[in-house]
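Fold and geometry: a report
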Amino acid sequence: MALLRSWCGDKLILGCGVPVMPAFGIVDYCRIGCDVGLDWDDVWYMRLFHRERVSTKQSIGNTIFRRQLNGRAYGSDPDVFFLREENCKLTLQQKQTLARVNALFSGILLTSDMPSRYTDEMRRQYNAAGIDRPRRKLHRGCRRRSDRTLHFVRQAAGDQGFLTVQLLQNTQNFCCGG
């Protein structure tokens, strides 16, 4: 992990799929659990074999039970939230739960939705979940950036989207490790 930090210099590192403890104080943000799924808890036979499988239910549990790492070891990345209707089997309550838990206990918020396609009701849900609040600042014990707040905005670019990361007024580059 120290080698990765030396290669990235002062770029932000989002560690995905890295061991959680060796990342303490080295990465700026770290995935703290499994990937969310487009359904609640995957197919039944996957639940028999894999605890860290693609599962929205498991991701919410990881986010809650690893919440104490956020702002202390690094900013927690719980994976994306969904509010969209298309290509998503989650119920409205499940989507709202995922968005609220991510907003409460994470240091970074990401979505795979296209916010430009949100209806007025989806915008209301977005605001009600507290997604638009500033993220918790990193604790002084964290490696860097204890005095700044990151804002993440996914913007439409034709039929595709892209993620811009704004550090106050400046755009910041990510160095992704994993």
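Just above sits the structure.
Below is a short write-up of the structure. This structure is a prediction, so every number in the text was calculated from the model and none was measured. (Residues numbered from 1 in each chain as written. Predicted model: local features only at pLDDT ≥ 70, side-chain atom pairs only at ≥ 80, totals over all residues. Heavy atoms only, no water.)

Turning next to the overall build of the protein. Scanning the protein from terminus to terminus reveals five helices and nine strands. Counted from the first residue to the last, the protein has its helices and strands arranged as α-β-β-α-α-β-β-α-β-α-β-β-β-β. Out of the 178 residues belonging to the protein, those deemed buried represent 46%. Taking the intrachain contacts of the protein between residues at least 6 apart in sequence as the baseline, contacts between residues at least 24 apart amount to 60%. (Helix = DSSP H or I, 4+ residues; strand = E, 2+ residues; numbered from the N terminus. Buried < 20%, exposed > 50% of the residue type's maximum accessible area, 1.4 Å probe, protein only. Contact = heavy atoms within 4.5 Å.)

Side chains on a regular strand alternate between the two faces of the sheet. Side chains Leu12 and Leu14 of strand E1 (residues 12–15) all project onto a buried face; the interleaved residues Ile13 and Gly15 project onto the opposite face, where all are buried too. Two strands pair when backbone bridges link them, and E1 and strand E2 (residues 29–31) are joined in this way by two bridges, in the parallel orientation. Note on E2: the bridge partner recorded for Leu14 is Tyr29. (Pairing = 2+ DSSP bridges.)

Our focus in this paragraph is helix H3 (residues 56–65). Of the positions making up H3, those classed as buried are Thr56, Ser59, Ile60, Gly61, Asn62 and Thr63. For H3, the N-terminal capping position is held by Ser55, with its side-chain oxygen 3.4 Å away from the main-chain nitrogen of Lys57. (Polar contact = N/O pair within 3.5 Å; in protein donor to acceptor, adjacent residues only side chain to side chain.)

Opposite charge on two side chains makes pairing possible when the charged atoms of those side chains draw close. Enumeration over the complete set of coordinates arrives at nine salt bridges. Between Asp79 and Arg31 there is a salt bridge; the shortest N-O distance is 3.1 Å. Separated by 48 residues along the polypeptide, Asp79 in the loop between strand E3 (75–77) and strand E4 (80–81) and Arg31 in strand E2 bring together distant segments of the chain. With its nearest N and O atoms 3.1 Å apart, the salt bridge here joins Asp113 to Arg84. Of this pair, Asp113 sits in the loop between strand E5 (110–111) and helix H5 (120–128) while Arg84 sits in the loop between E4 and helix H4 (92–105), placing them 29 residues apart in sequence. (Salt bridge = Lys/Arg side-chain N within 4 Å of Asp/Glu carboxyl O.)

Together, Val43, Trp44, Tyr45, Leu48 and Phe49 line one region of the surface with nonpolar side chains, adding up to about 600 Å² of accessible area. Within the secondary structure, Phe49 is located in helix H2 (residues 44–49). Judged by its relative accessible area of 62%, Phe49 falls in the exposed class. (Patch = residues over 30% accessible without salt bridge, like charges linked within 9 Å, V, L, I, M, F, W, Y side chains within 5 Å. Areas by Shrake-Rupley, 256 points an atom, 1.4 Å probe, with all protein chains shown as cover.)

Once that is clear, we can look at the packing of H3 against H4. As a packed pair, H3 and H4 sit with axes 10 Å apart at the nearest point and diverge in direction by 25°. As far as their axial angle goes, H4 and H3 are roughly parallel. Here the hand of the crossing between H3 and H4 comes out left-handed. Seen from H3, the contacting residues are Thr56, Ile60, Thr63 and Ile64; seen from H4, they are Thr97, Leu98, Val101, Asn102 and Phe105. Broken down by class, the residue content of the contact of H3 with H4 amounts to five nonpolar, four polar and no charged. (Axes fitted to C-alpha atoms, helices over the stretch in contact; angles between N-to-C directions. Parallel < 35°, antiparallel > 145°, perpendicular 65-115°, else oblique. Left-handed = near helix turned anticlockwise from the far one by under 90°. Nonpolar A, V, L, I, M, F, W, Y, C, P; charged D, E, K, R; others polar.)

As a further point, take unusual backbone geometry. The phi torsion of most residues other than glycine is negative, and most of the peptide bonds are trans. For Asp42, which is not glycine, the phi dihedral falls at a positive 60°. Note on placement: Asp42 falls in the loop between E2 and H2. Given a relative accessible area of 24%, Asp42 falls into the partly exposed group.

Applying the stated criterion across every chain yields a total of three aromatic pairs. Residues Phe24 and Tyr74 carry aromatic rings whose centres are separated by 5.7 Å and whose planes lie at 70° to one another, so their mutual orientation is edge-to-face. Residue Phe24 is found in the loop between E1 and E2, and its partner Tyr74 is found in the loop between H3 and E3; the two are separated by 50 residues along the sequence. Classification of Phe24 by relative accessible area gives partly exposed; the value is 36%. Each ring, one from Tyr118 and one from Tyr126, has its centre 6.4 Å from the other, and the planes form 55°; the classification is tilted. We classify Tyr126 as partly exposed; its relative accessible area is 25%. Here a set of aromatic residues connected by ring pairs shows up, and it is made of Phe81, Tyr118 and Tyr126. Sitting above the plane of the Phe105 ring, Arg67 keeps its charged end 5.9 Å from the centroid. (Phe/Tyr/Trp six-rings, centres within 6.5 Å; stacked < 30°, edge-to-face > 60°. Lys NZ or Arg CZ within 6 Å of the ring centre and 35° of its normal.)

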